[in-house]
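If you want the building blocks of each chain, they are given just below.
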Amino acid sequence: MLSIVSSPSIRPYLLLAIVILLLAAVDFGHGRFLSLGTAYSALQSFSTFGLVALGLGLVMLIGEFDLSVAGVFGLAGCIALLTGPDHFWVGMLCAVGTGAAFGFGQGLLIVLLDLGSVPITLGGLLTATGIAYVITHNRAISSDNLDLAMTLNDPVVGLFSLRSLVALGIFVVAAAIFATTRLGRDLIATGSDRKAAIIAGVSVKKLLLGAFAFSGFMAAMGGAMLSYGLASATPSGLADVLVPAAAAAILGGVSLAGGSGTPLGIVAGILTLTVLRSGLNAVAAPPFAHDLATGLILFAVAVFDAPYLWRRWAALHIHFVYYQDK
């Protein structure tokens, strides 16, 4: 059983199933958790955090980290409403183009100067946030295009919205590319052992540039979609996305050391968080319950990933088998 829980390929889905079963048990007989409204709420949160988690997760997969996603998320939302308040596609193109260029620029600095990703992306976070404050004159901005906001958020078959369908579609495409092309293998190889990946012919520098550009693109898309969905934007981004995105990637089996994780695992990780949030709201849990429960889950994952635990488990298993044979 412990080996199943410790497996990065199985654990994300097991955690999601456990969260659903526990919340269903807590709400047994009331029908608040197992409802279309709760599922719709969870998928709406998924559309906000999921795209950021996908981009950040792939950067983590190659052994790097992108702190700037929170700043790019807010900046993109402001750019979208400033450049295309009445023209969705114009605003989206400007927003995601800025995000991709921002991520590519950070990746270029990391590759050319052989710098660590944390200090560079921390600078990127502060820079993007500062630019957002400058272009909005330090104030929230709003859009009169409420029809678009309603269209993006209107329930589809009572469960989805256009925002959540777009996010799910992107994950399906990413998972297919990851599973059927060399790109997925190269990302894992780069995160597992960068020197060995170079020897094997992997273009590590191009992967780094692409991963950071993709992370910026995804953060920008998430921020722009949220701003259009709310018909408003602020330099702070209207949501704290960095912590949930990183937590979702970790719960989804992505290692901070790199070399493990998949897009489908990240889906399970972000759904674990969003189902937990929506489920606790449905059963009228106190506001701190979500942070407490998320923290405990992350602690449990960290413990199960501890090398010492598994060395001790292996030693006890060998000891048990030895005396059983005796």
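Residues numbered from 1 in each chain as written. Predicted model: local features only at pLDDT ≥ 70, side-chain atom pairs only at ≥ 80, totals over all residues. Heavy atoms only, no water.

Draft legend 1. Quick peek at the nonpolar core. Within the largest apolar cluster, 86 residues are counted, with the highest numbers of intra-cluster contacts made by L54, M92, M221 and Y228. Per-element tally for this core: the top contributor is helix 11 (residues 204-230), with 14 residues. Not counting residues up to four positions away in its chain, the partners in contact with Y228 are A80, L81, G84, H87, F88, G91, M92, L148, A149 and L152. (Core = buried A, V, L, I, M, F, W, Y, C linked by side-chain atoms within 4.5 Å. Buried < 20%, exposed > 50% of the residue type's maximum accessible area, 1.4 Å probe, protein only. Helix = DSSP H or I, 4+ residues; strand = E, 2+ residues; numbered from the N terminus. Contact = heavy atoms within 4.5 Å.)

Draft legend 2. Main features of the pattern of salt bridges. Counted under the stated rule, the structure contains three salt bridges. Its salt-bridge partner being E64, residue R194 comes within 3.0 Å of it at the nearest N-O pair. With a gap of 130 residues between them, R194 in helix 10 (residues 194-199) and E64 in the loop between helix 3 (36-61) and helix 4 (69-83) connect regions that are remote in the sequence. Residue R194 is classed as partly exposed on the basis of its relative accessible area, which comes to 27%. (Salt bridge = Lys/Arg side-chain N within 4 Å of Asp/Glu carboxyl O.)

Draft legend 3. Region of the structure containing unusual backbone geometry. In the Ramachandran plot, A231 falls in the positive-phi region, its phi being about 60° despite a non-glycine side chain. Within the secondary structure layout, A231 lies in the loop between helix 11 and strand 2 (232-233). For A231, a relative accessible area of 7% translates into the label buried. Notably, A284 is not glycine yet its phi reads approximately 60°, a positive angle. For A284, the position within the fold is in the loop between helix 13 (263-282) and helix 14 (288-304).

Draft legend 4. Quick look at the packing of aromatic side chains. With the rule as written, the count across this model stands at three aromatic pairs. Relative to W89, the ring of F88 has its centre 5.1 Å away and its plane inclined at 75°; by these criteria the two rings are edge-to-face. Judged by its relative accessible area of 17%, F88 is buried. Three or more aromatic residues link up through ring pairs in this structure, and these residues are F88, W89 and Y228. (Phe/Tyr/Trp six-rings, centres within 6.5 Å; stacked < 30°, edge-to-face > 60°.)

Draft legend 5. Local environment of helix 7 (residues 146-153). Looking at helix 7, one finds that the buried residues are L148, A149, L152 and N153. Seen along its axis, helix 7 keeps its buried residues to an arc of 125°; they face one direction. When the buried face of helix 7 is taken as reference, the exposed residues oriented beyond 90 degrees from it are L146 and D147. (Arc of directions from axis to C-beta.)

Draft legend 6. How the structure looks around the packing of helix 4 against helix 6 (residues 117-135). Following both chains from N to C, one finds helix 4 and helix 6 inclined at 25°, their axes separated by 7 Å at the closest point. By the angle between their directions, the pair helix 4 and helix 6 is classed as roughly parallel. Crossing hand, helix 4 versus helix 6: left-handed. Between helix 4 and helix 6, the contacting residues are A70, G71, V72, L75, C78, I79 and L82 on the first element and L125, A128, T129, I131, A132 and I135 on the second. Of the residues belonging to the contact of helix 4 with helix 6, the class tally is 11 nonpolar, two polar and no charged. (Axes fitted to C-alpha atoms, helices over the stretch in contact; angles between N-to-C directions. Parallel < 35°, antiparallel > 145°, perpendicular 65-115°, else oblique. Left-handed = near helix turned anticlockwise from the far one by under 90°. Nonpolar A, V, L, I, M, F, W, Y, C, P; charged D, E, K, R; others polar.)

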